[in-house]
Amino acid sequence: MGIEDYGGGQTPRADVLVVTTNDVPGHQVTEVIGEVFGLTVRSRHLGSQIGAGLKSMVGGELKGLTKTLVETRNQAMERLVEQARTRGANAVLMMRFDVSEAADVGTEVCAYGTAAVISRT
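Bear in mind the structure is a predicted one, so any value in this text is a computation, not a measurement.

Participant: Which residues make up the sheet that holds strand β1 (residues 17-18), and what values do they have?
Facilitator: Sheet architecture is open: four strands sit in the order β1-β3-β4-β2, paired in mixed fashion. Each end of this open sheet is capped by a strand with a single partner; those strands are β1 and β2 (27-43). Where strand β3 (residues 91-102) lies against strand β4 (residues 106-120), ten bridges are found, and the strand directions are antiparallel. Bridge pairing in β4 places Ala 91 opposite Ala 116. Helix-sheet contacts for helix α2 (residues 63-86) involve β1, β2, β3 and β4, and the interaxial angle to β2 is about 140°.

Participant: So what about the nonpolar core? Which residues, and what values?
Facilitator: Val 18, Val 36, Leu 80, Ala 84, Val 92 and Met 95 are the most contacted members of the largest nonpolar core, which has 14 residues in total. Of all the elements in the fold, those that place two or more residues in this core are α2, β3 and β4. The element contributing the most residues to this core is α2, with five residues. Residue contacts for Leu 80: discarding those within four places in its chain leaves Val 18, Val 36, Phe 37, Gly 38, Val 92, Met 95, Ala 111, Tyr 112 and Gly 113. Ranked by size, the runner-up nonpolar core spans six residues in total, among them Val 24, Leu 93, Ala 116 and Ile 118.

Participant: Summarise the confidence of the model for the protein chain; cite the residues concerned and give the values.
Facilitator: Confidence along the protein chain averages 86 in pLDDT terms, with 83% of residues attaining 70 or more. Per-element confidence in the protein chain ranges from a low mean pLDDT of 56 for helix α1 (residues 46-58) to a high of 96 for β1.

Participant: Help me get a handle on the packing of aromatic side chains, residues and values and all.
Facilitator: Per the counting criterion, the structure on display carries zero aromatic pairs. For the cation-ring pair, Arg 73 lies above Phe 97, with the distance from its terminal atom to the ring centre recorded as 3.8 Å.

Participant: Residues and numbers for the side chain of Thr 72, please.
Facilitator: Tracing the backbone through its elements, the reader meets Thr 72 in helix α2. If sequence neighbours within four positions are ignored, Thr 72 has contacts with Thr 40, Arg 42 and Val 109.

Participant: Can you tell me about the pattern of salt bridges, naming the residues and giving the values?
Facilitator: For the structure on display, the rule yields three salt bridges. Taking the shortest distance from any N to any O, the salt bridge between Asp 15 and Arg 85 comes out at 2.8 Å. Taken as a pair, Asp 15 in the segment before β1 and Arg 85 in helix α2 lie far apart in primary sequence, 70 residues in all. Residue classification places Asp 15 among the partly exposed residues on the basis of a relative accessible area of 47%. A single network of salt bridges, built from pairs that share partners, joins Asp 15, Glu 82 and Arg 85.

Conventions and cut-offs
Residues numbered from 1 in each chain as written. Predicted model: local features only at pLDDT ≥ 70, side-chain atom pairs only at ≥ 80, totals over all residues. Heavy atoms only, no water. Pairing = 2+ DSSP bridges. Helix = DSSP H or I, 4+ residues; strand = E, 2+ residues; numbered from the N terminus. Contact = heavy atoms within 4.5 Å. Axes fitted to C-alpha atoms, helices over the stretch in contact; angles between N-to-C directions. Core = buried A, V, L, I, M, F, W, Y, C linked by side-chain atoms within 4.5 Å. Buried < 20%, exposed > 50% of the residue type's maximum accessible area, 1.4 Å probe, protein only. pLDDT = per-residue confidence, 0-100. Phe/Tyr/Trp six-rings, centres within 6.5 Å; stacked < 30°, edge-to-face > 60°. Lys NZ or Arg CZ within 6 Å of the ring centre and 35° of its normal. Salt bridge = Lys/Arg side-chain N within 4 Å of Asp/Glu carboxyl O.

This is the structure in structure tokens:
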């Protein structure tokens, strides 16, 4: 597995800019639309759970689970962007991820932030 299997983020020409900051240098917020989020819950594959259990006994990275979590975060981010776009935003400010267990059967990942309209100053 290459590094591309463990990353995420936006393409350089994304129509909805997502940042973890309160503002975007060189831009002004012209409208705050409000909170948006993207949510997904993924169950763990039985094979990866068994492999993770064995790997945890000897130590090291759980690559199968890492890859699954990256895919899950990327899906939550895509849903966040789609919700922002649908509501008329061209930016999401203060984006964060929240990860938690979902009823002991999977992992819940929520990407959330503030949808806004920004323009160059």
